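Fold and contact review
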Amino acid sequence: RRRAFALVGLAESYLAADQVEAALETCRECLISFPRDAATFQARLVASRSLIELGKDDEAKQLLLENLEGDELTPSSLEWRDSLIELARILHFEQKYAEALPRLEEAVARYGDDPQAVELRYLLADSALQLADEVRAKAETTSVATARLALRRQSQDYLERAVNEFSLVQQEIQRRQTVGELSELD
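Everything in this summary refers to the structure shown in the same document. (Residues numbered from 1 in each chain as written. Predicted model: local features only at pLDDT ≥ 70, side-chain atom pairs only at ≥ 80, totals over all residues. Heavy atoms only, no water.)

**Considering the side chain of S155**
Short version of the rule: Numbering of helices and strands starts at the N terminus; helices are DSSP runs of H or I of at least 4 residues and strands are runs of E of at least 2. Burial classes follow relative accessibility: with a 1.4 Å probe on protein chains only, a residue under 20% of its type's maximum area counts as buried, one over 50% as exposed, and anything between as partly exposed. Throughout, a contact is declared for two residues whenever any of their heavy atoms are within 4.5 Å.
Considering the arrangement of structural elements, one finds S155 in helix 8 (residues 145-179). By relative accessible area, which is 6% here, S155 ends up buried. Sequence-distant contacts of S155, that is, excluding residues within four places in its chain, are made with A132, V135 and R136.

Spelled out as structure tokens, the structure:
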């Protein structure tokens, strides 16, 4: 009865040992053999991490979306949270900032007290900054004055959002420094 969870644990061990193919195969076995087991949500997460390691981001995103869009999980579950965060990271690192931004906003809004929130807020700020640059570049090539003005306003809004989020990241890091909680990443 616990085989599905054992397979997920084995897959995590394979992934930690840099045996990515074995991790992915073990996750697939879990997903195929135990499609209704609660361990399948974690198996999708581990499989998505394995796929990212293999450069198969689209397949990884599909597995994460299955966790997020299915009826079985709710935003209060750890697997749903981790799926949202992982999807947002992938989108950001793929430079799909317009897609990443709402996912990051949702993750920060829902899980602002999570230890990962500082990183998520940083990615949110960076996504807003990158979108500001994209919109500004589009404004420079637009010949219609009203459209150019609207794009410049949108770029300014993104810039203001980026500054606000970067400020919050800085404040949190300074707070952590004051209480001696700085991580290596901080």
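**Focus: the nonpolar core**
Soluble globular proteins tend to bury their nonpolar side chains together. Our working rule: What is meant by a nonpolar core is a set of buried Ala, Val, Leu, Ile, Met, Phe, Trp, Tyr and Cys residues, joined one to another through side-chain atoms within 4.5 Å.
Judged by nonpolar contacts, the single largest core of 40 residues is most densely connected at V8, C30, W80, L84, L87, L104 and L120. Elements that contribute at least two residues to this core include exactly helix 1 (3-16), helix 2 (20-33), helix 3 (39-53), helix 4 (57-69), helix 5 (78-93), helix 6 (97-110) and helix 7 (117-141). Setting aside residues no more than four positions away along its own chain, L104 makes contact with A88, L120, L123, L124 and S127.

**Some details on unusual backbone geometry**
Of note, D18 is a non-glycine position whose phi angle comes to about 65 degrees, a positive value. With respect to the secondary-structure elements, D18 resides in the loop between helix 1 and helix 2. Of note, Q95 is a non-glycine position whose phi angle comes to about 65 degrees, a positive value. Mapped onto the secondary structure, Q95 falls in the loop between helix 5 and helix 6. Taking the relative accessible area as the measure of exposure, Q95 reaches 56% and is therefore exposed.

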